[in-house]
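Architecture and fold: a report
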Amino acid sequence: MIEKHIVLEDIDPVVFYGVGNAHLQMLKALFPKLRIVARDNVIRVIGDEEQLSVFEEKVETMLKHVLHYNSISEENIIDIVKGNKAKIESANGVIVYSISGRPIKARSFNQQRLVDAYETKDMIFAIGPAGTGKTYTAIALAVKALKEKTARKIILCRPAVEAGEKLGFLPGDMKDKIDPYLQPLYDALEDMIPVVKLQDMMEKKMIQIAPLAFMRGRTLSDAVVILDEAQNTTAAQIRMFLTRMGWNTKMIITGDLTQVDLPKGQRSGLREAFDLLRGIEGIEFIEMEQKDIVRHKLVTRIVDAYEKYDKDRKDIQQYEKNESINKDRFPL
């Protein structure tokens, strides 16, 4: 009789053990000659060497399944243990799987352009209206890179622009004041990485979320770096951010040029980057449209209504300007 310890790394033990330890109980039933005890993320197994070897092999396959799909069913376990050719293969176009096992993939033409550009470009700008999946797709690509170990860390940041509510009046310390600005990034991550594992990765700095100001002075290497809501950066801020790029790093910059919250008269850094950097080798600009919106159908209608309003207002302002010029030229 020998004893071995199997450590569950990179996955949530709760997912592996199942609700009420159902998966663990199934393993015990499938390997009756072994004594199997689990505590936290360690499985302690006692038995003869041959049985232990088979058990280790099956558990390794199960771990790969959970790591890939973020879930495992009792049917999956039976297939793996019985050797029913259970194999890990990605469905066509899947970037990663959500914590519920749902495949996350591009859902529009321009989202697919973003996915394709990631494979060949080191810096990508994804610009478009709300609901087009810019941030969500970017974070899915970053999580995939972390899972496949093509990047050592994910760095997510946003400019903390005060849109109607002053930071100083928000309760709590600096983290408490900043977290509301970063919540959409947390939401996307929590959809793709089990909470326990996400907390562990953040504690180990494998995933870092911070306001843009915290990027100054850093060189970001071996990472996927995402700047969200880039329309609210100033020209100096986005220039500072883009020049943080280090070796083996990919940057994805997302934003919506119709939702700039900067003080009136201050030009968006994203707009300046859009004008200056187009055509530079290694940089790709993906412009998303209303047809890429993947939220509730009302979001598309809202975006359309506001775009029409902005166009009408611009036409009126131009008309009034022309009338004023004509009056100056041809006074009565």
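In case you missed it, the structure is sitting above this.
What you are looking at is a predicted structure, and each value in this text was computed from that prediction instead of being measured.

Some points on the layout of surface pockets
Its boundaries defined by the atoms lining it, the second largest pocket holds a volume of some 510 Å³. Looking at the second largest pocket, it is lined by 16 residues, and the ones nearest its centre are Leu257, Thr258, Val260, Asp310 and Arg313. Ranked by residues supplied to the lining of the second largest pocket, first place goes to helix H11 (residues 297-329) with four residues. Across the lining of the second largest pocket, the residue classes break down as four nonpolar, six polar and six charged.

Some points on a nonpolar patch on the surface
Together, Leu298, Ile302, Tyr306 and Tyr309 give the surface a local cluster of nonpolar side chains, amounting to about 440 Å² of exposed area. Here Tyr306 is to be found in helix H11. Judged by relative accessible area, which is 55%, Tyr306 ranks as exposed.

Here we look at the environment of Thr233
Of note, Thr233 is situated in the loop between strand S9 (223-227) and helix H9 (235-242). Along the backbone, Thr233 and Leu212 are 21 residues apart, and their C-alpha atoms lie at a distance of 8.6 Å. When residues no more than four places from it in sequence are discounted, the contact partners of Thr233 are Pro159, Leu212, Leu227, Ile238, Leu262, Arg267, Ser268, Gly269 and Leu270. A distance of 2.7 Å separates a polar side-chain atom of Thr233 from the backbone oxygen of Ala230.

A closer look at the sheet that holds strand S2 (residues 35-39)
Reading across from one edge, S1-S3-S2 is the order of the three strands in this open sheet, with antiparallel pairing throughout. Two strands close off the open sheet at either side, each with one partner strand: strand S1 (2-7) and S2. For this sheet, the mean inter-axis angle between neighbouring strands, taken without regard to orientation, is 20°. Summarising the sheet, S2 and strand S3 (residues 42-47) pair through five bridges and their orientation is antiparallel. Bridge pairing in S3 places Ala38 opposite Ile43. Strands in contact with helix H3 (residues 49-69) are S1, S2 and S3; relative to S1, the strand with the most contacts, it is inclined by about 10°.

Observations concerning the pairing of strand S4 (residues 94-97)
Strand direction decides the pairing type here: S4 and strand S5 (residues 103-105), joined by three bridges, are antiparallel. Paired with Val94 across the strands is Lys105, a residue of S5. Linking S4 back to S5 in an antiparallel pair, the connection comprises five residues, with Gly101 at a positive phi of about 90°.

Conventions adopted
Residues numbered from 1 in each chain as written. Predicted model: local features only at pLDDT ≥ 70, side-chain atom pairs only at ≥ 80, totals over all residues. Heavy atoms only, no water. 1 Å grid on protein atoms, 1.4 Å probe; cavity = no way out; pocket = protein on both sides within 12 Å on 5 of 7 lines; lining within 4 Å. Points joined across faces, edges and corners; volume = space filled by probe spheres on them. Helix = DSSP H or I, 4+ residues; strand = E, 2+ residues; numbered from the N terminus. Nonpolar A, V, L, I, M, F, W, Y, C, P; charged D, E, K, R; others polar. Patch = residues over 30% accessible without salt bridge, like charges linked within 9 Å, V, L, I, M, F, W, Y side chains within 5 Å. Areas by Shrake-Rupley, 256 points an atom, 1.4 Å probe, with all protein chains shown as cover. Salt bridge = Lys/Arg side-chain N within 4 Å of Asp/Glu carboxyl O. Buried < 20%, exposed > 50% of the residue type's maximum accessible area, 1.4 Å probe, protein only. Contact = heavy atoms within 4.5 Å. Polar contact = N/O pair within 3.5 Å; in protein donor to acceptor, adjacent residues only side chain to side chain. Pairing = 2+ DSSP bridges. Axes fitted to C-alpha atoms, helices over the stretch in contact; angles between N-to-C directions.

Any functional reading would require information beyond the geometric quantities listed.
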